[in-house]
Amino acid sequence: MAKIKITKVRSDINRPETQKRTLKALGLKKIGQTVEHEDTPTIMGMVSKVNHLVSVETN
């Protein structure tokens, strides 16, 4: 499967708890942190919930 790089670009302060938990489940803690995941429907669904807080690059 293809890999995607997800980078946290905005803070989760004053965001709903579900969005904070989604970022934590993706492995994102600090702004500027990048993680790499498989391009699965589950991960893409999580990214779509917090797309205003992250940037995504496909490889």
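Residues numbered from 1 in each chain as written. Predicted model: local features only at pLDDT ≥ 70, side-chain atom pairs only at ≥ 80, totals over all residues. Heavy atoms only, no water.

(A) Broad picture of the sheet that holds strand 1 (residues 3–8). Pairing is antiparallel across the open sheet formed by three strands, whose spatial order is 2-1-3. Each having just a single partner strand, strand 2 (34–38) and strand 3 (54–58) make up the two edges of the open sheet. Ignoring strand direction, the axes of neighbouring strands in this sheet form an average angle of 25 degrees. Relative to strand 2, strand 1 is paired through five bridges, and the arrangement is antiparallel. (Pairing = 2+ DSSP bridges. Helix = DSSP H or I, 4+ residues; strand = E, 2+ residues; numbered from the N terminus. Axes fitted to C-alpha atoms, helices over the stretch in contact; angles between N-to-C directions.)

(B) Fine view of helix 1 (residues 17–26). Turning to helix 1, its buried residues are Q19, T22, L23 and L26. All buried residues of helix 1 fall inside an arc of 100 degrees around its axis, so they share one side. Seen from the buried face of helix 1, the exposed residues on the opposite side, beyond 90 degrees, are R21, K24 and A25. Next to the buried residues of helix 1 lie strand 1, strand 2, helix 2 (41–49) and strand 3. Trailing helix 1 by a residue or two, G27 shows a phi angle of about 95 degrees, which is positive. (Buried < 20%, exposed > 50% of the residue type's maximum accessible area, 1.4 Å probe, protein only. Arc of directions from axis to C-beta. Contact = heavy atoms within 4.5 Å.)

(C) A look at the pattern of salt bridges. Scanning the model with the defined rule gives three salt bridges in all. Between E38 and K3 there is a salt bridge, with its nearest N and O atoms 3.2 Å apart. A residue pair is termed long-range when its members are at least 10 positions apart, and E38 in strand 2 and K3 in strand 1 qualify at 35 residues. Assessed through its relative accessible area of 32%, K3 is described here as partly exposed. Ionic pairing is found between R21 and E17, a salt bridge with its closest N-O pair at 3.8 Å. Taken together, the positions of R21 and E17, both in helix 1 and four residues apart, correspond to about one turn of that helix. Its relative accessible area of 45% is what places E17 among the partly exposed residues. (Salt bridge = Lys/Arg side-chain N within 4 Å of Asp/Glu carboxyl O.)

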